Amino acid sequence: MKLYYEHPSVTGLPSTHHYMQLPREVIVGNGALSRIPEVVKRLNIKGPALIIAGQTSRQIAGNTVHKLLVEADLIVDMLLVEAATIRDVLRIEEAIADLKPKILFGVGGGTKIDAAKLSSAHQGIPFISVPTTLSHDGIASPLASVKGFGKPYSAMSQAPLAIIADTEVISLAPWRFAVSGCGDVISKFTAVRDWRLGHDEKGEYYGEYAASLALMSATLVEKSASEIQKGNEEGTRILLEALISCGVAMSIAGSSRPCSGSEHLFSHALNVVNPNGAMHGEQCGVGSILMTYLWGQNWRKVRDTLKKLGAPTTAAEMGVKDREVVKALELARTIRPDRHTVLQKLNMDYSACEKAAKATEVIS
Ligand SMILES: [Zn+2]
């Protein structure tokens, strides 16, 4: 089986060349779905389209996308997937080989978009992201996380050709998804600090522009914490734009570096220790409290912001055991040895991890 971790067009790029693949159109707002026909027209998409959705996302957005594309004179098929496993990706790839669509629409939360992103990249066609939840920054990033590739973190795939985010559709999702998205954005403070460390200590590429964009998103969500609350349309929009900016930051960096550091390694490790823990962004938020402490910075500020946003700040609130948090913190540095972070620098044993988790009141 062929497994691409990079967009096929950039394999073999010399290290002196920096490649950025950015979305061409982004439409955000109440009723944005209705803009799909004109987006398709502007992008000059003339052939058949394939929509990837789940049971829920089909009802809240997929059927509407289907109707709008038919009205735009396109031949349209819809394929329902329930997860983003290797099997789902291959099933979509078979459908692409069969139906020969010119464009793929990923309609749903993180998993449907990731499955659409990866399968379209493998098959060499573009995809359009139509998020129905705000749970993490994958809605706009060029990276995809798919179960079964043997890596618990996301890999380079391709950036969406367009992002069409309808705040009315997104407001139908349980608020917990948005809370997870907030945690994912807040985690950029530590991610950028770790990226800088990778640059200073390992000579890794570091891009000031991508780093600033990720930090700006985190600062904006932090400042707007009292607005980003259920039912507040302006708050939803701030979060949505912050998540899209994070995705763009990764496109500019050409990697997940500006948006994923030690706090993400902690979240990935927690998934290994307890696969039934909290949502991605919720775990990254708690990871961010821990890593801010390890960096010797103001972890209370991170914790208080997360509290204000309604995000979990303790093991109990994430629905995991205290010892699972400690184990995950210990395991985190081994998840991705090539990613230099504060965890590699400190190289902590179990008791040092327990001390950090207690000091930050993540465990009692
Ligand atoms: Zn994330």
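All values derive from a computational prediction rather than experimental measurement. (Residues numbered from 1 in each chain as written. Predicted model: local features only at pLDDT ≥ 70, side-chain atom pairs only at ≥ 80, totals over all residues. Heavy atoms only, no water.)

I keep staring at the coordination of the zinc ion and nothing clicks. Help me out?
When a metal carries six donors in an octahedron, the ideal angles between them are 90 or 180 degrees, while four donors in a tetrahedron ideally lie at 109.5 degrees. For the zinc ion, the full set of protein donor atoms is Asp184 (OD), His264 (NE2) and His280 (NE2), at a range of 2.1 to 2.2 Å. Donor residues for the zinc ion sit on one chain with the sequence pattern D-x79-H-x15-H. Here His280 lies in helix α11 (residues 280-294) and His264 lies in helix α10 (residues 262-273), a separation of 16 residues in the sequence. (Donors = N, O, S within 2.8 Å, 3.2 Å for Na, K, Ca; no water. Helix = DSSP H or I, 4+ residues; strand = E, 2+ residues; numbered from the N terminus.)

Honestly, the state of the cysteines in this entry has me stumped. Any pointers?
When the sulfur atoms of two cysteines share a covalent bond, that bond is a disulfide. Tallying each qualifying case throughout the model produces 0 disulfides. Unpaired in terms of disulfides, Cys246 finds its nearest cysteine sulfur in Cys259, a separation of 4.4 Å. A residue is classified by how much of its surface remains accessible, and Cys246, at 0% relative accessible area, is buried. Among the cysteines around Cys284, which has no disulfide bond, Cys259 carries the closest sulfur, lying 11 Å off. On the accessibility criterion, Cys284 (0% relative accessible area) is buried. (Disulfide = S-S within 2.5 Å. Buried < 20%, exposed > 50% of the residue type's maximum accessible area, 1.4 Å probe, protein only.)

When you look at the environment of Leu13 in this model, what are you seeing that I'm missing?
Here Leu13 shows up in the segment before β1 (25-29). Residue class for Leu13 comes out partly exposed when judged on its relative accessible area of 37%. Expressed as a C-alpha distance, the spacing of Leu13 and Gln283, which sit 270 residues apart in the sequence, is 34 Å.

Just to check I follow, could you spell out a negative patch on the surface for this structure?
On the surface, Glu168, Glu227, Glu233 and Glu234 cluster together to form a negatively charged patch. By the element assignment, Glu234 lies in helix α9 (residues 233-253). Given the relative accessible area of 42%, Glu234 is considered partly exposed. (Patch = residues over 30% accessible without salt bridge, like charges linked within 9 Å, V, L, I, M, F, W, Y side chains within 5 Å. Areas by Shrake-Rupley, 256 points an atom, 1.4 Å probe, with all protein chains shown as cover. Salt bridge = Lys/Arg side-chain N within 4 Å of Asp/Glu carboxyl O. Lys, Arg positive; Asp, Glu negative; His and termini not counted. Charge placed at Lys NZ, Arg CZ, Asp CG, Glu CD.)

Would you mind going over α11 with me for this structure?
For an α-helix, 3.6 residues make a turn, and residues three or four places apart therefore share a direction. Taking 1.5 Å per residue, 15 residues should reach 21 Å; α11 reaches 21 Å between its end C-alpha atoms and fits that length. Most of α11 is tucked away, with 13 of its 15 residues classed as buried. Gly296 lies just past α11 and shows a positive phi near 75°. (Expected span 1.5 Å × (residues − 1).)

Could you clarify how one ought to interpret helix α4 (residues 110-123) in this entry?
In this model, α4 (14 residues) spans 20 Å end to end at C-alpha, consistent with the 20 Å of a helix rising 1.5 Å per residue. Within α4, 12 of the 14 residues are buried, which leaves it mostly tucked inside the rest of the structure. Where α4 is buried, its residues touch β2 (49-53), α2 (55-71), α3 (86-99), β4 (103-108), β5 (127-131) and β6 (143-144). (Contact = heavy atoms within 4.5 Å.)

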